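What follows is the residue order along each chain.
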Amino acid sequence: MALFDLLGRSWALGIIWQLSEGSLTFRQLQDLCEGVSPTVLNKRLKELKECALVKHDGSGYLLTDLGLELFELLAPFGGWSQKWSQAVLEKIEVKK
């Protein structure tokens, strides 16, 4: 349950998703996570580092081996969420 609590916090999944493709600086990560405040981003990065999912290598933030493994488990949700989103949109359109 602790993992779900962590992943349910604002921007936690977004940070993991963005870092899945490689190392990013704080500024790059903030730009990719449109709308996240520096305070929230700092807090999430700290939490993710404390939980051994993210690390900083001196040039940027990146996923640890555990973080990469977690992303591989979460990646199928990307395709599923697109199907789900389309189904929701179609349902909304039918009601109009």
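The notes below deal with the structure included here.

The rules behind each value
Residues numbered from 1 in each chain as written. Predicted model: local features only at pLDDT ≥ 70, side-chain atom pairs only at ≥ 80, totals over all residues. Heavy atoms only, no water. Axes fitted to C-alpha atoms, helices over the stretch in contact; angles between N-to-C directions. Helix = DSSP H or I, 4+ residues; strand = E, 2+ residues; numbered from the N terminus. Parallel < 35°, antiparallel > 145°, perpendicular 65-115°, else oblique. Contact = heavy atoms within 4.5 Å. Buried < 20%, exposed > 50% of the residue type's maximum accessible area, 1.4 Å probe, protein only. 1 Å grid on protein atoms, 1.4 Å probe; cavity = no way out; pocket = protein on both sides within 12 Å on 5 of 7 lines; lining within 4 Å. Points joined across faces, edges and corners; volume = space filled by probe spheres on them. Nonpolar A, V, L, I, M, F, W, Y, C, P; charged D, E, K, R; others polar. Phe/Tyr/Trp six-rings, centres within 6.5 Å; stacked < 30°, edge-to-face > 60°. Core = buried A, V, L, I, M, F, W, Y, C linked by side-chain atoms within 4.5 Å.

Attention shifts here to the packing of helix α2 (residues 12-19) against helix α5 (residues 65-74). Look at α2 against α5: their axes get within 10 Å of each other, and the N-to-C directions meet at 100°. Overall, the two elements α2 and α5 adopt an arrangement that is roughly perpendicular. Across the interface between the two elements, L13, I16 and W17 of α2 pack against L70, F71 and L74 of α5.

With that out of the way, let us pick up the environment of G67. If you trace the backbone, G67 turns up in helix α5. By relative accessible area, G67 is classed as buried at 1%. Taking the C-alpha atoms as reference points, G67 and E90, 23 residues apart in sequence, are found 34 Å from one another. If near-sequence neighbours (up to four positions away) are discounted, G67 is found in contact with A52 and L53.

Once that is clear, we can look at the layout of surface pockets. When its volume is computed, the largest pocket comes out at roughly 150 Å³. Among the elements that line the lining of the largest pocket, the one with the most residues is helix α6 (residues 76-95), at three residues. Of the residues contributing to the lining of the largest pocket, the split by class is four nonpolar, two polar and no charged.

This part covers the packing of aromatic side chains. All chains considered together, the criterion is met by two aromatic pairs. With a centroid separation of 4.9 Å and 75° between ring planes, the pair formed by W17 and F71 is classed as edge-to-face. Placement of the pair is W17 in helix α2 and F71 in helix α5, with a sequence separation of 54 residues. Considering the side-chain rings of W80 and W84, the 6.2 Å spacing of their centres and the 10° angle between planes classify their relative orientation as stacked. Placement of the pair is W80 and W84 together in helix α6, with a separation of four residues, close to one helical turn.

Next up on the list: the nonpolar core. One broad rule of soluble globular proteins: the nonpolar side chains tend to lie buried together. Core analysis: the biggest nonpolar cluster contains 19 residues, and I15, I16, L19, L29, L45, L48 and V54 have the highest contact counts within it. If you list the elements that add at least two residues to this core, you get α1 (2-7), α2, α4 (38-50), β2 (61-63) and α5. Aside from chain neighbours lying at most four places away, what touches L29 is I15, Q18, L19, L24, L41 and L45.

Keep in mind these values describe shape, not function.
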